[in-house]
Amino acid sequence: MLGSGEREEDRRRSVIAAAVLVVTLLAVPPRFAALHDAGPFVWDDGIHLLEGRWLETGAAALAKSAERWRTERATGEDVWRLDPEVQFLTNETQGMPLYFPRPGFAAAVAIALHYTHGADWSGALVSAIAGVLTVALVTWIGARLWGARTGALAGVALALSGWHVAYSRMAFAESLSVLFATAAIGLLVAAGGGTRRPYGSAGGDDPCALRTARLVAIGLVWGVACLCQDRLLPIALVPVVLAYSRLAPSRGRRAATALRVLLAIGLPIALLQALAELPYYGAMLALAHFGRTLPYPTHVERILRHYAQGAAISGVRPENLPTYPFLYARLLGPGLAIALVAGVIAAVRRRDVPSRALLVWLVLPIAPASLTAAGARYAAVTLPAAALLAGWALDPAHWPARLRERVSGHAAWVLTALLIASSVPFAVAPVRWTSGHREAMAVAKDMGVRCVVSTDPFVDAVYLDWDPTRVRQPPRTGADLTDAWAYGCGIYAVDAIGAVLRTKDRGLDEVLASFEDADTQPVRLPNPAAESILFPFEYNFSFTTTLRYLAGPERERAGTIRLYPLSSLARSEGAPP
């Protein structure tokens, strides 16, 4: 027979499981509603889909080629020859080779493309599934920290976070990478040893709670997150710092404990990056056998290039410090924003291990970004921590004594419900952020256009039969415009990205202005996704510039895609008729 303690533990586990299930179901509608209409609408959306398409079609072509090779070896028939096979692989593979060092997300998109038969919303499907699972994880973590009720409120806070809903409906790598990052933190929380002994409750260095095997598992899961989004590599300090704080070593063991945690978590992350590099060397050896060279940079080369480019573009921008507080206030809604502020203040005052851990998780990833590019997506990994802090503050049991005396019983829960309800419109808003590029490229096809110039080239390539050669990036001079016309481009597709980029690129601004001055009426098509406040912060060159964009006339035109006929303006530049 079970003892009273065991029965109580089973009851708590059942309550936690029920809370996770209910909150997870709540997270489904805003992430999956009309998902097939979402479509890609930002550069990275299109790039990730094109990468996934390249992996999916390339794998299928390789499988067919390998089957012919096996047939030749088994029967002696001359059915596999190098040059025809290379041509076959070239013809069958669509999309574009891996551009970002994010093979994990590209592989997930490739799998989704296979099962959706090449749907352009496949990347959003991966993110939606990951987003729902992240809500479940946050609910469980909150329940392990403070009980099922607070965990449920934390899960609801993330389920209704407009910021998280938005990334759960986009083909960005953020949602999937955040799922694995949250799972890594969940492994750390689970080290407490049961709901009766939660994270941070054991004093001192508890070897049973955080054995080296547990640290290695945390590193492996965080490493998978890094394979989905390389931006998590430099913030791998988050699980390292959290694990170190969990161990709380004595003064004489601090250096040894820090080294143990760093190696146990860091080496698996490095190992996974090395494993992602190996296929490139295998391909190099195979191609060398046939006297050919690998035409693509390797995984590590992509990482180095990506960070070198980012450092060159970003620079130090202290004016961007208000970016993330502003976005939290505008994308969570007033209720969750208030709860988050209250949760942060309470965590600072409590100074216990879970509180310190959540503050590190919230602040450490965005601290460097706040002084550089401060793109909206850079803060995605902090959203689970923000939800946990907000969930703690939403639970009346954690309110200050004076507030509980004034607002007690049912009134307290009515106030909590009102705070949560105020954020519902912000969670629903991203459902309306649909892409107009599908319709725009359909119009281009109807006009018989073989190629387009586009301010969002990789997205439009998805809708032009997954063929990047049919799209050219925006011209920055009249000569570039002439070259595009000579190449066969018949339309210049200008979306809100053009308005954002022209604030940074004078040449692009001059070319776009020449179109607007020309006596040509463009075809205008709605593009609701670009009307969101999140959109310009994906290209947050500076906080003040972005605010001016939001308040200026360009914002009014953000919700349309304009299709300019390239012929009249290009001819004025001396292009052939």
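Keep in mind that what you see is a predicted model, and the values were worked out from it rather than measured.

The rules behind these values
Residues numbered from 1 in each chain as written. Predicted model: local features only at pLDDT ≥ 70, side-chain atom pairs only at ≥ 80, totals over all residues. Heavy atoms only, no water. Domains from an automatic or database assignment. Contact = heavy atoms within 4.5 Å. Buried area = accessible area lost by both parts, 1.4 Å probe. Salt bridge = Lys/Arg side-chain N within 4 Å of Asp/Glu carboxyl O. Disulfide = S-S within 2.5 Å. Helix = DSSP H or I, 4+ residues; strand = E, 2+ residues; numbered from the N terminus. Buried < 20%, exposed > 50% of the residue type's maximum accessible area, 1.4 Å probe, protein only.

**Topic: the domain arrangement of the protein chain**
- In terms of domain boundaries, the protein chain breaks down into domain 1 (4-36 + 124-430), domain 2 (40-120) and domain 3 (434-573).
- Residue-level contacts link 15 residues of domain 2 with 20 residues of domain 3.
- When residues of domain 2 are sorted by the area they lose upon contact with domain 3, Phe41, Trp43 and Leu50 head the list and together hold 47% of the total.
- Our count for the domain 2 to domain 3 interface comes out at one salt bridge.

**Looking at the state of the cysteines**
- As enumerated under the stated definition, the model contains one disulfide in all.
- In this model, cysteine 451 is linked to cysteine 489 through a disulfide, with the two sulfur atoms separated by 2.3 Å. Placement of cysteine 451 in strand S1 (residues 451-454) and of cysteine 489 in strand S3 (residues 489-494) is noted, with a sequence separation of 38 residues between them.
- By relative accessible area, cysteine 489 is classed as buried at 0%.
- No disulfide involves cysteine 226; its sulfur sits 9.1 Å from that of cysteine 228, the nearest cysteine.
- Note on cysteine 226: relative accessible area 0%, which makes it buried.

**Some points on the pattern of salt bridges**
- Following the criterion strictly, the structure yields 17 salt bridges and no others.
- Across the pair arginine 377 and aspartate 44 runs a salt bridge, and its minimum N-O distance is 2.3 Å. Of the two residues, arginine 377 sits in the loop between helix H16 (367-370) and helix H17 (383-394) while aspartate 44 sits in helix H2 (residues 43-75), which places them 333 residues apart along the sequence.
- For aspartate 44, a relative accessible area of 12% gives the class buried.
- The salt bridge partner of arginine 470 is aspartate 465, with a shortest N-O separation of 2.8 Å.
- On the accessibility criterion, aspartate 465 (44% relative accessible area) is partly exposed.
- Overlapping salt bridges bring together Glu8, Arg11 and Arg12 as one network.

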